[in-house]
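Structural overview
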Amino acid sequence: MDTSHTKVRVKVPASTANLGPGFDTLGMALDLYAWIEMGIAEETKIHLIGDQMSGIPTDKSNLIYEVAQMVFDKAGVKHPELEISMYSDIPLTRGLGSSASAIVGGLAAANALIGSPLSDDTLFQMATELEHHPDNVGAALFGGLVVAFWDGERAEHIRIEPDDRLEVLVAIPHFQLSTEKARHVLPREQSLANAVFNVGHSSVLVAAFCTGRLDMIARAMKDALHQPYRAALVPGLAKILAEATDHGALGVALSGAGPTMLALVDRNSSRKEELEQFLLGTLKEEQIEATLMWLKPDRHGVQLLTHFDEQCTLFENIKGDVRL
Ligand code: HSE
């Protein structure tokens, strides 16, 4: 049976990486999304919908176009001309996995377009190869919490179902910080003590997620490998990391390479407003404007949308769903 399509649409989640100690190894998908439509065309056209997309290439150097061609090459088919549309609620260069969502969305859309010859594992290997760490791409692909490593040849992962009680408050500063810059400040070598600190904390954090020990998150969600160095790039981060758990957070971390900060919160907490005031107040002291957003873990990862009106544009189809 030919399961290929002439046009497909996918919905792909944002993600947060590291969760404190799990540097390059832990990721969680979040219910903030990008949507990609892809179809085979006579001539390549790329439509990026939304203000934040300015500056992103709309020719064949576009990342989504490029990853689609990688899928076609691997599957041994040729579709050099594509029409691609993308709308994203995921802010760019803020540590919420926007590039992982573009890569995973592009891979999944292209694969669906040709009848899904590539397995999820193959897409995961391709995405990790592109990103060089499996944390964001694993979460965007599989949803939930993903624990993963990459040895330079293969990425391995285990997905954990997020606890129902977990909610996420993100503070998204109104400035961009590239992953490259945030990795550049990290020392090339670290002490054995720091390595042991992170292995221990990350292991206990994963065990806490697996066993519902929300009480352990505050103590386990601490890091010695990257956050202390990145604090210089994100005014207010050091105080937020030190004090957010005194204001109702279960745990707090820099989201990926930053500058977004993320607090895990019990959804039944009565201290949500106190936490919001603490985050905004701390950033304001540093003259940093930020947007707060309450999110939940996404449990699905990238999804192929099967019910859409072919006659409507991508945006017309999703406008009831978009957030910003
Ligand atoms: N683990 C990465 C980092 C996340 O912290 O640099 C960015 O994709």
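Residues numbered from 1 in each chain as written. Predicted model: local features only at pLDDT ≥ 70, side-chain atom pairs only at ≥ 80, totals over all residues. Heavy atoms only, no water.

An unreviewed UniProt entry annotates the chain as Homoserine kinase originating from Paenibacillus vulneris. In UniProt, the chain has this text filed under Sequence similarities (unreviewed entry): "Belongs to the GHMP kinase family. Homoserine kinase subfamily." (UniProt positions renumbered as here; feature names shortened; annotations may be inferred.)

**Some remarks on the side chain of Ser255**
Within the secondary structure, Ser255 is located in the loop between β8 (251–254) and β9 (261–266). Not counting chain neighbours up to four residues away, the residues in contact with Ser255 comprise Thr16, Ala17, Arg94, Gly95, Leu96, Thr260, Met261 and Leu262. (Helix = DSSP H or I, 4+ residues; strand = E, 2+ residues; numbered from the N terminus. Contact = heavy atoms within 4.5 Å.)

**Overview of the UniProt feature "domain: GHMP kinase N-terminal" (unreviewed entry) in the chain**
Under the UniProt annotation, "domain: GHMP kinase N-terminal" (unreviewed entry) lies at residues 62–144. What you have in residues 62–144 is 60% helix and 8% strand, and the ends, taken at the C-alpha atoms, are 28 Å apart.

**Describing unusual backbone geometry**
Among all residues except glycine, the phi angle is most often negative; among peptide bonds, the trans geometry is most common. Omega for the bond connecting Gly258 with Pro259 falls within 30 degrees of zero, at 5°, which places this linkage in the cis form. The residue Asp24 is not glycine, and still its phi comes out positive at about 65°. Relative to the elements of secondary structure, Asp24 occurs in the loop between β1 (7–17) and β2 (26–40). Residue Asp24 is classed as buried on the basis of its relative accessible area, which comes to 16%. Non-glycine residue Thr93 carries a positive phi angle of around 55°. Relative to the assigned elements, Thr93 resides in the loop between β4 (82–88) and α2 (98–113). For Thr93, a relative accessible area of 30% gives the class partly exposed. (Buried < 20%, exposed > 50% of the residue type's maximum accessible area, 1.4 Å probe, protein only.)

**Topic: the site of the ligand**
Neighbouring the ligand are Ala17, Asn18, Phe23, Asp24, His133, Asp135, Asn136, Thr179, Arg183, Arg230, Gly256 and Ala257. Asp24 is positioned such that a nitrogen or oxygen atom in its side chain is 2.5 Å from a nitrogen atom of the ligand. Residue Asp135 places a side-chain N or O atom 2.6 Å away from a nitrogen atom belonging to the ligand. In isolation the ligand exposes 260 Å². Once the protein is present, 96% of that is buried. For the shell around the ligand, the secondary structure elements donating two or more residues are α4 (134–142) and α5 (179–184). Per-class residue counts for the shell around the ligand are 3 nonpolar, 5 polar and 4 charged. (Near = heavy atom within 4 Å. Polar contact = N/O pair within 3.5 Å; in protein donor to acceptor, adjacent residues only side chain to side chain. Areas by Shrake-Rupley, 256 points an atom, 1.4 Å probe, with all protein chains shown as cover. Nonpolar A, V, L, I, M, F, W, Y, C, P; charged D, E, K, R; others polar.)

**Notes on the environment of Glu131**
Relative to the assigned elements, Glu131 resides in helix α3 (residues 120–131). For the pair formed by Glu131 and Leu254, sequence separation is 123 residues and the distance between their alpha carbons is 19 Å. Apart from residues no more than four positions distant in its own chain, Glu131 is found in contact with Ser99, Ala100, Ile103 and Val137. Engagement of the side chain of Glu131 in a polar contact is seen with the side chain of Ser99, the distance being 3.1 Å.

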